[in-house]
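# Architecture at a glance
Single-letter residue listing:
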Amino acid sequence: MWGRYTEWCRQCDEEQLAVLRDPAVAAGVPPGWRRVIALKLAALSTIERQEMVRFTTTYQGARLWRAIAKLCLVFSVAGALVKLALLPKMPLLLAVAAGNFVGFAAAMALITVWFNHEKYTRPNLKMIAVVTGLGLMGGLYGGAVAAMAKGDSWQHFMDILPNVLIGVGLGVLLLVALPGVVVTMVRNRHFALLAAQLKHEAEQERLARELSETQLRLLRAQIEPHFLFNTLGAVQQLAEQGAPRAAELTAHLIDFLRASMSDMRCEQVSLATEFGLVESYLAVMQIRMGERLRFRIDLPTSLAPTRIPSMLVLTLAENAIKHGIEPSLRGGEITVTVQEDAGQIRIAVHDSGVGMSDTPGNGTGLENVRSRLRLAYGESASLALSEAEPGLLAELLIPRKDAQ
Amino acid sequence: MTVTILVAEDEPLMRERLLGMLALAWPDAQVIAAVDNGLDAWDACLEHAPRVVFLDIRMPGLSGLEVAERIGRQAHVVFVTAYDQYAVDAFDAGAVDYLLKPIQPGRLDKALARLREKLDSQPMDVSAVVRQVKAASPAPAREKLKWLKASVGKQIRLIDVEEVLFFQADTKYTRVVLEGSEALVRIPLKDLLGGLDADRFWQIHRGTVVKVTAIRAAERIDAERMQVLLRGSSEVLPVSRSFTHLFRE
């Protein structure tokens, strides 16, 4: 029984720590009050979460209980001292209990202020009014009850009223307001520093991301001279023969060039645009390679507006040609398909060429694809290559995102 | 004597273009074969022994560079490439002939003029330049064959390429001879060539490839012909004239 309880506590702790470290985890916590807590924790700011993590990891398990025991000892001694010095008539046990009560209340208040100091950054009149009001009411009520119990007259109560008010005021001031103000000041300075640092880091990261995204796209956007010269050669040959296909090939080449030039300026494009680009590329290659290349492209209309990083599918199609069909004696077929699967889209580029054996290394093209996926989606997108009989299958898995 | 030409280019339109331009610019030369991959190119070289060979660099099977290495001094080689800067630089430095795609008539005339001057002399060996280009090339080397699958009765036998003494062409199949046994593989020898390391497996005949370390001796039969004696097999393999240079001291 005890074992199960401690195990449960440990699980809760770990779960909360996990949420603090990565707020995205909160969505996975099973519904119930544990999830409510998880969501609250996830909603905290980065700095607050960092500090909560530090606090929780420091005061975990036995250390928490030791810290509580220490505080308890200090408060008990304080309560006893106050009794000896000021209230000789009070029973010792009551004094110790009162010391602990007041002490822990103040400690809780401090911790609350410590972790919620943002709420006290500006003078919060409502808050002060509420605290003072509650204090006063408590004081008056306590005074009245005490006076009545002692059988004192109303007049006497009215006489000591100013003292009660001053006492309550001082109490509130000493126990809540003063520590609150001090803590808030110290914390705010610390917080401002941390926030500035975090903001700086975030800015740096954003700049680095933008830079590498631009570099990667530029790298990708260079149209291969091989492609261009060979295609122009094919156009020239067809034109000299007076073949109508010369115009057709030129049209595909124009489509391809226009699309790739506008794509290289955007980070994200719709699947319709990207598949159009891939189709014009494959149409050019088909005329050039003749019987050695067949291709099929299939894009469901429902997925046409879905956004993906530009030129990724084109890179996969180029790889399929370069490492699959071109090295193959018999040539082969390329199929480009896309389907939706639980909020993700799966883009598959299959070629029936020579397969994995003839693609040693990964090629800069695929490295580039992987880097851009990482930049755009972190770990939630992937590129997988697998041997398909015959040939090679490249699969892109990307979270679905539609144009607004 | 009519000059014989072989054209190897994998894209049909580019092949047609080169053939058409050659017919105009060099009407008395004879194109004996036009092929679309490196393996057929090498096979046609062995079959027809052309004087001049136009080789596209990027081709399936064997690259133009690999075919040129095998050709050695047996033909005048002209490389054809769309854009291989590293290769073009080396060709320039080594005075190797090349054409840039798309081939323009003026440029072809110049190359042919140079070629005609050289026709009477022995072809230059381009393999040194080719090795240099291959070393500098950003494209990784073709993966070499490690295993062969051969059916023996109902079984599929896996053969380690390193254990093979020699390969012999047998129409559509290849006879694979090991020490003490042999098998038949369902791939023509021509198609196996691309997967064999040319430094360790020497082709000594259009239909024979032998592992260099399995060669015990090569002996002269007469002024033109040679034969190879093996370790681990009593078979004697003939060396055809195109390959006797391999054994010249």
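Residues numbered from 1 in each chain as written. Chains lettered and ligands numbered in written order. Predicted model: local features only at pLDDT ≥ 70, side-chain atom pairs only at ≥ 80, totals over all residues.

## What to know about the confidence of the model for chain A
For chain A, per-residue confidence averages 81 on the pLDDT scale, and residues scoring 70 or more make up 84% of the total. By mean pLDDT, helix H6 (residues 125–150) of chain A is the weakest element of chain A at 66, and strand S2 (residues 293–298) of chain A is the strongest at 96. (pLDDT = per-residue confidence, 0-100. Helix = DSSP H or I, 4+ residues; strand = E, 2+ residues; numbered from the N terminus.)

## Quick look at the pairing of strand S8 (residues 164–170) of chain B
Where a strand is regular, its side chains alternate between the two sheet faces. All names here are of chain B. Here S8 runs beside strand S9 (residues 173–178); their pairing, made up of six bridges, is antiparallel. Bridging across to S9, Gln168 finds its partner in Arg175. Hairpin connection from S8 to S9: two residues lie between these consecutive antiparallel strands, with Thr171 at a positive phi of about 45°. (Pairing = 2+ DSSP bridges.)

## Some details on helix H1 (residues 12–25) of chain B
Counted at 1.5 Å a residue, the expected span for H1 of chain B with its 14 residues is 20 Å, and the 20 Å between its end C-alpha atoms agrees. The complete set of buried residues in H1 of chain B reads Leu13, Met14, Arg15, Arg17, Leu18 and Leu22 of chain B. On the buried face of H1 of chain B, the contacting elements are helix H8 (225–241) and helix H10 (271–289) of chain A together with strand S1 (4–8), strand S2 (30–35) and strand S3 (52–56) of chain B. (Expected span 1.5 Å × (residues − 1). Buried ≥ 20, exposed ≤ 12 C-beta atoms within 10 Å, placed from the backbone. Contact = placed C-beta atoms within 7 Å.)

## Thoughts on the packing of H8 of chain A against H1 of chain B
Think of two packed helices as two axes; the pair is described by the angle between the axes and how far apart they sit. It is at 9 Å that the axes of H8 of chain A and H1 of chain B come closest, and there the two elements cross at 60°. Taken together, the axis directions place H8 of chain A and H1 of chain B in an arrangement best described as oblique. The element H8 of chain A and its partner H1 of chain B pack so that their crossing is left-handed. Mapping the contact onto sequence places Asn230, Gly233, Ala234, Gln237 and Leu238 of chain A in H8 of chain A and Leu13, Met14, Glu16 and Arg17 of chain B in H1 of chain B. Residue composition of the contact of H8 of chain A with H1 of chain B, by class: four nonpolar, three polar and two charged. (Axes fitted to C-alpha atoms, helices over the stretch in contact; angles between N-to-C directions. Parallel < 35°, antiparallel > 145°, perpendicular 65-115°, else oblique. Left-handed = near helix turned anticlockwise from the far one by under 90°. Nonpolar A, V, L, I, M, F, W, Y, C, P; charged D, E, K, R; others polar.)

## Focus on the interface of chain A and chain B
Across the contact, 21 residues belong to chain A and 16 residues belong to chain B. Elements with a contribution of two residues or more to the side of chain A that touches chain B: H8 and H10 of chain A. Sorting elements by how many residues they give to the side of chain A that touches chain B places H8 of chain A first, with 10 residues. Grouping the constituent residues of the side of chain A that touches chain B by class yields nine nonpolar, nine polar and three charged.

## A look at the sheet that holds strand S14 (residues 226–230) of chain B
The strands making up a sheet associate through backbone hydrogen bonding, with each pair oriented either parallel or antiparallel. Residues and elements named next belong to chain B. As summarised here, the arrangement of the three strands in space is S13-S14-S15, forming an open sheet in which the pairing is antiparallel. Each end of this open sheet is capped by a strand with a single partner; those strands are strand S13 (215–220) and strand S15 (236–239). Strand-to-strand twist of the sheet, defined as the mean angle between neighbouring strand axes without regard to direction, takes the value 25°. When S13 meets S14, the two strands line up antiparallel, connected through five bridges. Bridged to Arg220 within S14 is Met226.

## Some words on the sheet that holds S2 of chain A
Residues and elements named next belong to chain A. In spatial order, the strands read S2-S4-S5-S7-S6; together these five strands make up an open sheet with mixed pairing. The open sheet is flanked by S2 and strand S6 (382–387), the only strands paired with a single partner. Going from strand to strand, the sheet's axes swing by 15° on average, the running direction of each strand aside. Here strand S4 (residues 332–341) pairs with strand S5 (residues 344–351) via eight bridges, running antiparallel. Directly across from Gln339, in S5, lies its bridge partner Arg346. Running at roughly 20° to S5, helix H11 (residues 312–325) makes contact with S2, S4, S5 and strand S7 (392–399) of the sheet.

## Focus: helix H3 (residues 64–71) of chain B
All names here are of chain B. Among the eight residues in H3, eight count as buried, and that is most of the element. Burial in H3 covers these residues: Gly64, Leu65, Glu66, Val67, Ala68, Glu69, Arg70 and Ile71. Summarising the contacts, the buried residues of H3 are in contact with S1, helix H2 (38–48), S3, strand S4 (76–81) and helix H6 (127–136). Of the residues one or two after H3, Gly72 is the one with positive phi, at around 55°.

## Description of unusual backbone geometry
Pro390 of chain A follows Glu389 of chain A through a cis peptide bond whose omega is 0°. Following Lys101 of chain B, the chain continues into Pro102 of chain B via a peptide bond in cis, with omega recorded as -10°. Positioned with a positive phi, Met311 of chain A is a non-glycine residue whose angle comes to about 70°. Within the secondary structure, Met311 of chain A sits in the loop between strand S3 (307–309) and H11. One non-glycine residue, Ala342 of chain A, lies in the positive phi region at around 50°. Turning to its location among the elements, Ala342 of chain A is positioned in the loop between S4 and S5.

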